Structures are given as C-alpha cells and as structure tokens.
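Remarks on the overall topology
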Amino acid sequence: MHSFAAYLPFAILLPFAAMLLHGAAPVRDGRDGRSADRNRLQARAALVFQWVYGAFLAWISVMAMTVPEGLRIVGRGVPLGRTDLVVEPALYLDGRNAPFLLLLGLCLPLIFTWLRDRDGKYGPSYYVSANLLILSLAGVFLSDSLVLFYLFWETALLGAYFWIGLHGRANIHSGSVYSALIRFFLFTLVGSLPMLVSIIALCAEAGKDPGINGILQIASTLDGGKRAWIFAGFLLGFAVKLPLLGFHGWLRDTYNVSAPACRAILSAVMSKMGAYGLILVLAQGFPEECLRYAPQLQVLCVMGAVYGALLCLAQDRLIDILVYSSLSHLSLVALGVFTATGEVYSTGITGALFQVFNHGLIMAALFAFDARISTSGESPLLSATGGLRAGQRRLAAVLLTAIFASASLPGLSNFAGEILVLFSAFRSSPWLTFLASVGALIGAAALVRGFHQVFLGKRKGPEVAGFTQAADFSIGETGLAVALIAVWLILGLFPMLFLHPVEKTLLNLGAGHGMAFLP
Amino acid sequence: MNPYVLSQAPLILGFVFLLGLASVRPSGRESLSNIIAILALCSGAVALWKFLPEGAQYFGGAIRVTSVGKILAYLCLGLSAVALLLSEDYLEKVRIQGADWRMVVLALALGMVNLCLAGDLATLFIAYELVSIPSYVLAGFAHRDPRSNEAGMKYLLLGIFSSVLFLLGLSFVYGATGEIHLLAIHDKLARAVEAGAAGDLGLAKIGVAFIIGAVFFKVAVAPLHSWLPDVYQGTNLASLAIISSPVKVAVFGMLGMLLWGAFEPLSDLWKPVLLAGAACSAVMGNLQAIVQTNLKRLVAYSAVVNAGFILLGILVNSVPVVIFYLASYGIMTLGSWAAFMAMGSRKADVDEIGDVAGLGRTQRWVALGLTIILLSYAGIPLTAGFAAKFGVVLEALKPDAFLPRGTLAVSYLSIAAGLVSFYFYFQIIRAMWLQSPPLDGPDRRGSGVRWPYAFVLTLCVVVIVSLGMFLRLPGM
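None of these values were measured; they are calculated from a predicted model.

So, on to the overall build of chain B. Scanning chain B from terminus to terminus reveals 19 helices and 2 strands. For chain B, the C-alpha radius of gyration of 22 Å lies close to 23 Å, the compact-globule estimate for 476 residues. Principal axes of the C-alpha set define a box for chain B whose edges measure 75 × 55 × 40 Å. Counting all 476 residues of chain B, 62% fall into the buried class.

In structure tokens form, the structure reads like this:
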C-alpha cells in the first residue's frame, strides 16, 4: 500500500466533520440582522473549509495520477448477515477516477467563492446538505466496494434532496420546488433501484462484494442472459444520472428551482456520477455488452447531442440554454464511452474522461456566472434584456470566454477532449460523427446567441424584466476566473499533461492484470 | 420442578402481581406496575436462557426447545419490554389503567414465548390463541374512544376468522397424518411424499393451505391485509407498539419454523403460495400507501410491504436472514411509534401527515430520529432496513438456491416497487423538514420530550444504525 493511501478516507471524513459542525449550530433563518451576521460568519467559515478541502482533493488526485499503480486502502471486512458474504470497505484512487475527484476539488472553491452567501440568508441546513452531497460525491468516486458505492450514490441523492428542498426557490418557469424535487427524486430512484438489484446479483454470484474493479472477473463467468440483465440495471442508473436522452425529464426544472450553488454542483459534478458509472462500471466491467449494444447506444447518444442542441435554440433564458447544452455535451461523453474500440487504451475512453473534466469545470463556471447576473440569482429572459455589459464588464468577459470554451474553441481544453471523442466515433460511424458535430455546433451557436442578447446591443431589461442587475465581479473573483481560463488554455495546448497519466493507468491495467480496458 | 414451568414462572408471577395490584390500588402509580411488568419480561428471558437447554422436550414433546425458537422468544420479550417502557407516560394520556393493560401484555408475552416453543399442534393452537385474544383486548382498550372500539371489534371479528381457519388447518393435518407432534408430522409427510401417496397428501395439503391462509390473515399479507390500516388507525399507540412489533415477530417466526420444519416436505405447495403473497404485498402495499395521509395508516401499509420481504426470506430458507429482518423490522416499528408519541401534544396524538409539518424546526432531534427510521424503512444503506432487504434479495439471487420459478422476478419487483415506498416515506420527511409548522397547530416549543420516548427513540436509532453498519445480529 502506498503511504499516501492512508489519506484517502479524509476525502470523505472532512466534509462529514464539516457537516456535523454545521449541524450543531442553532437554527437561524437569517431574517433579522443578528442572525444574518451569524450566517455570514458561517458562510466565511464554509468558504475557508471548501478551499482547504479543495486543495486537499487536488493534491491527493494529482499525487494519485503520478503513482503508476494508484492508491488503495482496504478496511476490515464485515460479514453481511451470513458469514459467507463479506463486504470489504475499500477506497481506491488512480488515473481513472482521479479526474473526477480533481474536478470536485477544483469546482468547490470556485463555486463557493463566486456564489458565497453575501446576504446571510442561508442557515446551517444549507451547509449540512451541501456537505452531505459533497462527501457522497467524493465517496462515489473513491469507493471500490459496490455496497459503499451504492451507499454514497443514495446519500448524494439525499443531500441534493435536502439542499434543493430547503433552499430551492420556486419560479414561474418551473412551478413549485416540491413538484420538481419529487420528480428528480423519483427519476433517480427509477435508475438506482435496478442498479441495486444488479449490485446484489453480482454480490450473490461472487459470494463477496466484488468491488468496482472486480466486476469484470465476476461478470465474465456469468451466462449471457443474466449478464445482460445486470448490465441493463446499471445502465438505467447511470443513464438517468447523466442523463441520456429519454431519461432527462427531471433535468430542467430541478436545475431551475435549485439554489445557484447547488445547481452548479449538480451540473458540474453530480451529473458526472453517471459518467463515472459508464466508464468505470460499464466499459470496464461489461465490455461485451458495451460492444453488443453499442450501435443502439451510439444512436441514442447522438440523438441526445442533436436534440439537446436543438432545444437550446428554443430557450428564452440563459440557464435553460446551459441545461440543454449540458444534455448535449454529456451525450457526447457517453458517445465516447460507447464508441471505444478494442485497444488496450482507447481514444473514446480517454476522450470521455477528459471531457468529463472539462465539462465539469466549464459548467461550474457558466452556472455560477449566470447566477451572478441578477441579484436574485434568477436567469434573465433573453427577449426582455440587452446591453447588460455596461454594468458587468468583467463578468461579461469571463462569461464569454467560458462560452467559447464550452463551444470547443480550438486552443481550449474542451476542443481537445471533443476531438478525441469524435475521432473515436468516426471509426464506428462517420455519419453519426457528422451528426454529433452538427449538434455541438448548434449548441455553441445557441450559447453565443444567448450571450449576445443579454450582454450586447441596446441596453434594456432590468427595469422592464423586473430584476436588479448585480454588481460586477470583484478583482479577486475575476482573477479566479482568469486562473480557470488559464487551466483551460494550458490543457488545451498541452492535453498530454492530463492524458498521459490517465493513459498510463489504463495501459498498466491492461498489461498488469491481463484485463484489457476493452477487448 | 419441571424446568419448563420454572421458565414460565416469571411471566405468570408478574401477571399475578399485577392482578393483585390492580385490585388493591386501581388508580395507583403507573411506574410501579410498569417496573413489575418489565422485570417480569426480563426475568422471563433470563429464565428461558437458564432453564431451557436447546433440544430439550417437555410434557411428552408438547414443548420443544430449538435454537431458532429461543432467539425468537428473546426477541419478542425484548421488544415487548421496550414497548412497555414507552407506555410509562402514554397510558395516562389516553386514560388507560396501567396495571390492567400491562397484565394483558404479560399474558400476550406468555403466548408469544409458547408460540416459539410449541412442539405439537395443541400447544401451537393454545399459544396462537393466547397471542390473539390479548391482542384484541389491546386494540380496543381505550374504550371511551369510538375509533378504538371499532378497531377492537374489527380485529376481533377478522381475527376469529383467522383462528378458525388455523384450527381447521391443524385438524386437517392431524387427520391426514394421525400425528400431533410436529417432528412426527414431518416424518410422515416426508415418507408420503417419497412414496407418492397422493391420497394422504391431499388432506394435508389443504390443511397446510388453511394454516398459511390464517397466518397471512394474521400478519396482513396482501391481499388479506385490508383490515390492518383500520385497526392501526383506531388503536392507541401503546397497544400498537405491542401488536405491530413483537406479535408480528412471533407469528412470522412461527410460520417460518412450521414451514422449515414440519411442512418442509410440502415445499412444492407452499413456496409458490409464499411467492404470490410476497408479490401481492409488494405491489398492493406500496400502491395503496400512495394516497394515505394518515401516519398510522402509512405505517400499516409499510407493514404489508415488509411482510412481503419476510415471506421472501422464509421462501429462500435462510434462517439468519429472516431473524435479522424480523429484528430490524420490530425495532424500526417501535422507533416510529416512539417518535409519534414524542411528537404528540399533551392532549392529542399526531394523526395526519400535516400534523408533523415543520417539526424539523420545533423538535429537531425527534424529527431527525424519525427521519433515520423512515430512511431505514425505505432501505437507504447504513440502516438496518437496507441490510435486511439486501440479505433477503441476496439469498434469493444466489445461483445455487433451489427456488420456484419467478423468485428472481418477485425479488426484482419487490425492490422496484420500493420506488413507490420512497415516495410515501418522503412525504413524511418532506412535511417535517421542508414545510413550515401550521399556524393553528399545537405549540410544541419548550414543552420538551418525555424521557421514555427520548430514550426509546435514541435506542432504536442506535440499534438501527449499528445493525446497518455491522450487518448482523450479535452472536449470530
């Protein structure tokens, strides 16, 4: 065991401790001056914590990417009910899941800085639910036992449930908080309960908890029909979370009613739980099924990419454009996974991993910037606003850059990731690749058009549309955004900085364990 | 002296003491009678452990001590003791004479212990009645309350139907085999099945079907569950804590021991029946719960859903899994009643979901406790409910299990139908945390929670979480 592995549990324990500390605070609603002051103090403490925690995650992920065999820590096994099924709590971190953890580590300080609670309106429950979500996300990305994986999968849902339910806000575009929330909740469970059955089935077959990395070994001993059912259970869980086309019914309203920071984390990191499952569970554990159902799944992904982009065109608010462009981009990530071909490491998988990382960072920035346009955090109507740039020059500049990044401008990291995915797709089907690229293009156009309508042209809006324009970004906030843009630029120009450690891990797995990432 | 008599002595003596107490000081202090009753239950468990070695038989086989039976008996006694602890304060509120009520509980405990130790058909029926009759009394105990009267009457009429069916089943089995001892019945049935003697088996099969039907009625397996929500709704919470938790454990335990033991040779008959019961419970329990707004009725439907899982556990022949399920189910149910008692005002219980609105702000710790219990019902990992369901489905999906066709589908269905249960459990969680307290609701601020409720609720939550973390019962 590498000596750094002992630090892995802290990725889960730190937010857990923060959650308990916030939970011990007395209830404050922030309505009177005194309690608002206390809330602001708490917000500052939470911000400091997120920076420390983010730095820790970034450090441990980068460390893990440099260690060829990765980090792994295994706890004492617990027999489940009968003595013959042993659940070993195990955590691992290597080039495959480190991008996810790194993404979480980078997003948290950014989001909590840009969207910190200036008015002191959020009481302790805000940070309790946020930290529950955060620790679950870290747990999902780190767990190497299926029972732990499912545990964190469900607690992430609980965290999001309370975060949205307690601090979400209804608006005229998406109805009441609860109707959106329960839809999100039930949609996710429709996926996660079949996933639970698949997990139990794998455990029953193996006689122990096989863990994320042991699925392939167990699954290859099963007969085809049974394996297909288990595969389907997992696929449903991940498809809802990502979401793929047809499973996205919860998407728009949930993002609309969430608190801004929650929305940013949902899109930037929580949706990556689905991508994590596709890459680490399906592609790695069920290569045969992935190959067999690839044609259908590829078509579904391309349809999602095009459909999401077309929906972007029809939206009248920046946030809705972001939501559907997210659907479109995540479909491309899935396309990368399902077009991965029979090499030890494949362009599709590395491209998908890179895209996960890029998309997360870009979405964190875009959702945060969007929420900073008005004081209420509501996204303004495109048709009723214009010329906001006069009051928010810095915000407009970084928002436009983020939109360019999302539109895969060559030289920025998203371009490198997308091109890898499209290369991989081209080998499967040039036509699908063509359609997917057209989809990406349409989505980009819609985003730029949205920016144009809000920020450029003749000034109109706040007075008519009934919102107050927020103050511009401070120097520090802009500096943070510029640093993020620098990351995109560096990774765009030197993608091997990211791809090399990832591919090395994949190669290692292929050579060391005699198990190709894909056949 | 006969060790069996010694082992039953504490319960009987407790009963006699309480009888004396009730006649001498009809309106005496509640806590004295409660202490006597709890002591009787605890010493009953100790006596069981001390005097009855495993494998022993008494009165010519009428009583047969098995390890499973003993564990179930401990479980019933323990759950009853916790339920008695809860009643300390509550009975005064609903104006029930404590000594009388506890006397009935001790009689019921005697029935439960004997249900777990029964070695022949006669003992089985006597114990079954000794469980049933006090249950009817408990349901209708608050006789000033018309709803309690209704609950008691409904429970009595339908319960008698179940008892008759049970007795009929027992006599058919006796008629078919000519044996009264469960072990002898097993041997006869096994030989008849081996020889393919269709004539003898026909009657026995009808008998077993009747017995299963009666038990299904008693523990409310769908589609024979429609009485349960009405009875739950009308019964006071203290009585409910007994009826819904230890009694369920005892009757399910008896069903398991009968099917694994005496009627094991007829498994081709009863396995499909159990499977159908499990499927119906999963579907009907969940779907009917959606529209409920009454808290007790919701818990009643969740009892139906859980009954389905327990049947699956019995079906897959896994004793530890079933005992684990029964233990966690009993604890969860007791915990939810403790939370409901703690949430009630001095005058009234919580009744509708709306009554618990905003409790996250006024009674944060009680709300947190109930939330953990509801998450356990729903099956979120790290809770006993998850571990229990996981164990049952795991056994059902084992590749080498000898199970009827469709077991896989029914396990899948039970989990998938759980989606609905998430919806209704989260209705309560939503009311507690995401809604504001009603303006005209009772003012709970500063009233505090009485210690028995707080103690039992904490105990249940700790047990639920530790069962969920360590995933097995101590000593198993």
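After that view, the rundown keeps rolling.
All told, the structure shown has 50 aromatic pairs over all chains when counted by the stated rule. Aromatic pair A:Trp114 and A:Phe473: ring centres 6.3 Å apart, planes at 20°, arrangement stacked. Within this pair, whereas A:Trp114 is found in helix 3 (residues 98-114), its partner A:Phe473 is found in the loop between helix 18 (462-466) and helix 19 (475-493), the two being separated by 359 residues in sequence. By relative accessible area, which is 1% here, A:Phe473 ends up buried. Between B:Tyr232 and B:Trp337, the aromatic rings sit 5.9 Å apart at their centres with planes inclined by 70°, giving edge-to-face as the arrangement.

Core analysis: the biggest nonpolar cluster contains 380 residues, and A:Trp114 and B:Phe263 have the highest contact counts within it. Leaving out residues up to four positions away in the same chain, A:Trp114 has contacts with A:Ala365, A:Ala368, A:Phe369, A:Arg372, A:Phe473, A:Glu477, A:Leu480, A:Ala481 and A:Leu484.

So, about the environment of B:Glu179. Mapped onto the secondary structure, B:Glu179 falls in the loop between helix 6 (146-177) and helix 7 (182-195). Ignoring anything within four residues of it in the chain, the contact list for B:Glu179 reads B:Leu121, B:Tyr174, B:Ala184, B:Ile185 and B:Lys188.

Now for helix 11 (residues 246-260) of chain B. The end-to-end C-alpha distance of helix 11 of chain B is 21 Å, a good match for the 21 Å that 15 residues give at a rise of 1.5 Å each. For helix 11 of chain B, the buried fraction is high: 14 of the 15 residues fall into the buried class.

The accessible area lost on association of the parts is a frequent measure of interface size. Contacts between the two partners involve 40 residues from chain A and, on the opposite side, 34 residues from chain B. Each partner contributes to the roughly 3500 Å² buried at the junction of chain A and chain B, and carbon and sulfur atoms together form 79% of this total. The interface formed by chain A and chain B contains 2 residue pairs in polar contact (both at pLDDT 80 or more). When contributions to the side of chain A that touches chain B are tallied by element, the ones reaching two or more residues are strand 2 (78-79), helix 5 (146-167), helix 6 (177-206) and helix 8 (224-241) of chain A. Per-element tally for the side of chain A that touches chain B: the top contributor is helix 6 of chain A, with 16 residues. Residue composition of the side of chain A that touches chain B, grouped by class: 30 nonpolar, 5 polar and 5 charged.

This part takes up the pairing of strand 1 (residues 71-74) of chain A. Residues and elements named next belong to chain A. Side chains Leu71 and Ile73 of strand 1 all project onto a buried face; the interleaved residues Arg72 and Val74 project onto a face where none is buried. As paired strands, strand 1 and strand 4 (residues 90-93) are joined by 4 bridges and run antiparallel to one another. Bridge pairing links Leu71 to Leu93 in strand 4.

With that settled, consider the packing of helix 16 (residues 364-378) of chain B against helix 19 (residues 451-470) of chain B. All names here are of chain B. Packing of helix 16 against helix 19 leaves a shortest axis separation of 10 Å and a crossing angle of 35°. The element helix 16 and its partner helix 19 pack so that their crossing is left-handed. Contact with helix 16, carried on its side by Val366, Gly369, Ile372, Ile373 and Ser376, involves Leu457, Val461, Ile464 and Val465 of helix 19 and no other residues of that element. Of the residues in the contact of helix 16 with helix 19, the class split is 7 nonpolar, 2 polar and no charged.

Let's shift gears to helix 1 (residues 10-24) of chain A. All names here are of chain A. Given a rise of 1.5 Å per residue, 15 residues ought to cover 21 Å, and the 20 Å separating the end C-alpha atoms of helix 1 matches this to within 8%. Among all positions of helix 1, only Ala11, Ile12, Pro15, Ala18, Met19 and His22 are buried. Around the axis of helix 1, the buried residues are gathered within 135° of arc, so they sit on the same side. Away from the buried face of helix 1 by more than 90 degrees, exposed residues Leu21 and Ala24 are located. Tucked inside the fold, the buried residues of helix 1 contact helix 2 (33-66), strand 4, helix 4 (124-142) and helix 5.

Turning to the pattern of salt bridges, a few remarks are in order. Residues and elements named next belong to chain A. Using the criterion set out here, one finds 22 salt bridges over all chains in the structure. With a shortest N-O distance of 3.3 Å, Asp320 and Arg252 are connected by a salt bridge. Of this pair, Asp320 sits in helix 13 (residues 318-338) while Arg252 sits in helix 9 (residues 251-257), and the two are 68 residues apart along the sequence. Given the relative accessible area of 19%, Arg252 is considered buried. Put simply, Arg183, Arg252, Asp253, Arg317 and Asp320 are held in one network by salt bridges that share partners.

Turning to the confidence of the model for chain A, a few remarks are in order. Fine structural detail should not be taken from predicted coordinates in areas where pLDDT scores are low. With 94% of its residues at a pLDDT of 70 or more, chain A shows a mean pLDDT of 88. Across residues 511-519 of chain A, confidence stays below pLDDT 50; counting only partners more than four residues off in sequence or on other chains, it has 27 contacts.

For the rest of this paragraph, the subject is a nonpolar patch on the surface. On the surface, A:Tyr7, A:Phe10, A:Leu13, A:Phe16, A:Leu20 and A:Trp59 cluster together to form a nonpolar patch covering roughly 570 Å² of accessible area. Ranked by residues supplied to the nonpolar patch, first place goes to helix 1 of chain A with 4 residues.

Our next topic: the environment of A:Ile279. Relative to the helices and strands, A:Ile279 resides in helix 10 (residues 260-285). Residues A:Ile279 and A:Ala334, 55 residues apart in the sequence, show an inter-C-alpha distance of 8.6 Å.

Conventions we followed
Residues numbered from 1 in each chain as written. Chains lettered and ligands numbered in written order. Predicted model: local features only at pLDDT ≥ 70, side-chain atom pairs only at ≥ 80, totals over all residues. Heavy atoms only, no water. Helix = DSSP H or I, 4+ residues; strand = E, 2+ residues; numbered from the N terminus. Rg over C-alpha atoms; globule rule 2.2 N^0.38 Å. Buried < 20%, exposed > 50% of the residue type's maximum accessible area, 1.4 Å probe, protein only. Phe/Tyr/Trp six-rings, centres within 6.5 Å; stacked < 30°, edge-to-face > 60°. Core = buried A, V, L, I, M, F, W, Y, C linked by side-chain atoms within 4.5 Å. Contact = heavy atoms within 4.5 Å. Expected span 1.5 Å × (residues − 1). Buried area = accessible area lost by both parts, 1.4 Å probe. Polar contact = N/O pair within 3.5 Å; in protein donor to acceptor, adjacent residues only side chain to side chain. Nonpolar A, V, L, I, M, F, W, Y, C, P; charged D, E, K, R; others polar. Pairing = 2+ DSSP bridges. Axes fitted to C-alpha atoms, helices over the stretch in contact; angles between N-to-C directions. Left-handed = near helix turned anticlockwise from the far one by under 90°. Arc of directions from axis to C-beta. Salt bridge = Lys/Arg side-chain N within 4 Å of Asp/Glu carboxyl O. pLDDT = per-residue confidence, 0-100. Patch = residues over 30% accessible without salt bridge, like charges linked within 9 Å, V, L, I, M, F, W, Y side chains within 5 Å. Areas by Shrake-Rupley, 256 points an atom, 1.4 Å probe, with all protein chains shown as cover.

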